[in-house]
Amino acid sequence: MSRVGIPRSLFYYYYGEFWKDFLDSLDVPYIVSPETNQDIVNRGIKIANDEMCLSLKNYLGHVDYLKDKCDYILVPRISNFKNNNQTCTNFWAAYDIVKNKFSVNLLHYNIDLEKGDTLKKGLYKIGKELNKNKYEIRRAYRYAYTKEKKRIKKNHIINVNKLKLKTIKILIVGHPYNLYDDMIGKDIIKYLIKNGIEVIYSDKFDSKITNSLSKKLSKDLYFKYSKDNLGAIVYSQKNINGIIFISSFPCAPDSLANELAMRKLKIPYLNLVIDDSTSFTGLETRLESFLDMLGGTLND
Amino acid sequence: MKDCYLGVDIGSISTKGVIIDDNNKIIASSYIWTEGNPVEAVRKLLDILKEELPKGYQIKGIGTTGSARKLIGLMLKACIVKNEITAHAIGTLTFYPNVRTILEIGGQDSKIILIKNGIITNYAMNTLCAAGTGSFLSSQAKRLGIDVEEFGDYALKSTNPVKIAARCTVFAESDLVHKAQVGYPKEDIIAGLCKSVVLNYLNNVGKGKKIVGPIIFQGGVSKNKGVVKYFKEILKEDIIVDENSHLMGAIGIAVLARRNKTGNVYSLEMKNLKFITKAFECHRCPNTCELLKIYRNDELVDSWGSKCGKY
């Protein structure tokens with residue numbers, strides 16, 4: 001039985017659970033690469049071009065880790081979500097880069113919703129490639145889809161409930177592949193939680209709601225994930241004490257969207273840009289002083 | 001015996017120490033170069049302060065700030081260890097309760113702090129790039145063969161500052177070399193550099209921030225008259241530079257030390273203190289963290305740098 005490798009980066013943080021449910025239901029074994037560690041970062045740097053963003057470098061590191069541990073690697077390309085909702089060009093490029101840099105079998109998951117594709121179509125292609133029949137695929141898709149819908153609803157409710165709390169609340173704005181990556185955002189979030197801050201994640205809101213809310217900050221933006229993030233800001237603005245932006249160096253959509261948000265914000269914010277050499281000491285200084293400011297410990 | 005409080009600000013380039021009394025009066029202060037060795041710099045600093053401290057005072061609190069604050073905090077058994085942004089804000093508010101904007105340019109970093117009614121409302125610090133900070137100015141001074149302390153005087157002589165790319169240190173440096181080789185006079189180049197520091201600061205940390213007076217400029221670079229002049233010119237506001245502007249972080253942390261005093265009495269005598277650090281790389285997992293173990297009088301007091309928290 002062929003085994004599928006899933007790199008724990010980029011799209012994994014959006015659709016990982018969805019894919020895993022789908023493959024589980026199809027009875028296909030899979031392996032997910034481990035949390036990003038120094039070894040994976042180093043592998044990525046070796047393969048990547050120096051102009052790529054840290055997240056894409058890490059992605060290539062994850063693929064490199066998986067290359068001889070599975071028969072297929074799932075490298076999706078979702079280039080467009082319709083209605084002026086593009087993904088970052090790095091997401092488009094990842095598939096071609098992997099195809100040219102590694103001699104591995106890739107699972108085809110190239111979809112463009114603008115051209116009539118759907119997430120469903122993509123998964124059907126995968127199912128066929130893995131020699132499953134139509135009925136099995138349909139069952140697996142339905143199973144995964146129902147679970148995914150429930151997950152989105154649950155995450156949204158948790159976030160909304162957090163907004164009602166009376167403690168100090170910080171909205172973390174960033175892409176989930178940066179926020180939850182062990183080498184990028186995880187330490188920052190750990191630090192906040194350790195200091196008693198209620199953390200609200202921009203990506204945990206239902207994107208159906210946040211995507212359209214983003215229009216209040218900008219009507220021209222066309223990056224889907226940036227729109228979701230800005231929408232999360234609009235949604236929670238009145239109920240939070242501060243915002244922390246986390247992005248990887250040199251993220252192009254973030255440099256545009258975050259900047260735009262910062263200029264229009266009326267509440268304190270902190271902008272953190274992470275590179276592979278960023279030491280936590282420098283971040284700690286910024287986080288500590290940010291919390292000092294929010295907590296009012298400066299003003300006795 | 002009267003009580004007094006020591007604040008130490010250990011920056012990347014310079015180490016500052018201040019002793020204040022209960023009325024925030026500075027009774028001893030010193031400013032020396034860190035020279036890449038914070039522990040030795042602090043030993044030297046305490047020796048100087050010991051000489052300066054008048055008789056009849058006892059130290060009731062020690063605070064540390066600056067990039068080596070944790071290390072020196074352990075060394076001196078400080079009662080408070082705080083980041084430099086908080087320290088600078090507290091220090092400035094002690095002397096200027098009406099301040100609205102604090103501009104700060106240090107050796108490796110630059111920050112802006114916005115204050116309203118004595119409450120900090122926002123701040124920013126440089127992110128990845130150290131362009132336009134003190135270390136850039138001192139390396140360019142070396143290239144031009146003059147002392148960084150004379151920089152301001154040179155800049156004031158110029159009537160026609162040359163244009164130097166302000167965005168990036170690397171571009172600024174190549175611009176500077178070109179301008180020098182083409183034959184521009186030194187004053188104009190130095191004035192151009194000072195101006196580029198200001199522009200860089202306003203475009204980087206000051207970006208999108210509303211800068212209102214009273215404005216206070218501090219950090220080592222505030223001693224550079226050229227930079228002050230261009231801040232005034234570009235912001236079209238008066239810029240206050242306190243005579244102790246370079247000590248503000250140390251003053252702030254001394255004030256915080258007073259607020260957090262524990263009742264202990266501290267000594268400035270460090271001669272018999274053995275304080276060493278040992279670095280090693282852990283190979284238990286693929287992260288290969290660089291670890292640092294800190295020994296105070298042969299006793300392991302702390303270790304830093306592990307991701308998993310095992311050490």
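Residues numbered from 1 in each chain as written. Chains lettered and ligands numbered in written order. Predicted model: local features only at pLDDT ≥ 70, side-chain atom pairs only at ≥ 80, totals over all residues.

1. Examining the overall build of chain A
Helix and strand counts for chain A stand at 12 helices and 10 strands. Relative to the globule expectation of 19 Å for 300 residues, the C-alpha radius of gyration of chain A, 20 Å, shows essentially globular dimensions. Sequence-distant contacts, at least 24 apart, represent 71% of the contacts inside chain A between residues at least 6 apart. (Helix = DSSP H or I, 4+ residues; strand = E, 2+ residues; numbered from the N terminus. Rg over C-alpha atoms; globule rule 2.2 N^0.38 Å. Contact = placed C-beta atoms within 7 Å.)

2. Re the interface of chain B and chain A
Listed per partner, the contact involves 20 residues of chain B and 18 residues of chain A. Among the secondary structure elements, those contributing two or more residues to the side of chain B that touches chain A are α3 (84-95) and β8 (119-125) of chain B. Of all the elements, β8 of chain B adds the most residues to the side of chain B that touches chain A, at six residues. Residues that form the side of chain B that touches chain A fall into these classes: 10 nonpolar, nine polar and one charged. (Nonpolar A, V, L, I, M, F, W, Y, C, P; charged D, E, K, R; others polar.)

3. A look at the domain arrangement of chain A
All names here are of chain A. We note that the domain assignment places domain 1 (4-147) and domain 2 (164-295) within chain A. One C-alpha centre belongs to domain 1, the other to domain 2; they are set 25 Å apart. In this complex, domain 1 contributes 19 residues to the contact, which on the side of domain 2 involves 21 residues. Looking at the side of domain 1 that touches domain 2, the elements that each hand over two or more residues are α1 (12-26), α2 (38-47) and α3 (54-66). The element that contributes the greatest number of residues to the side of domain 1 that touches domain 2 is α3, accounting for three residues. (Domains from an automatic or database assignment.)

4. Quick word on the sheet that holds strand β2 (residues 14-21) of chain B
Residues and elements named next belong to chain B. On the basis of which strands lie adjacent, the open sheet formed by five strands has the order β3-β2-β1-β4-β5 and mixed pairing. A strand with exactly one partner marks an edge of an open sheet, and here the two such strands are β3 (26-33) and β5 (80-81). The pairing of strand β1 (residues 2-10) with β2 spans seven bridges and is antiparallel. Counted as the bridge partner of G7 is V18 from β2. (Pairing = 2+ DSSP bridges.)

5. Details of the environment of F91 of chain A
Residue and element names in this part refer to chain A. As for its position among the elements, F91 is in helix α4 (residues 89-101). Expressed as a C-alpha distance, the spacing of F91 and S25, which sit 66 residues apart in the sequence, is 27 Å. Excluding residues within four positions of it along the chain, F91 makes contact with L10, R77 and I78.

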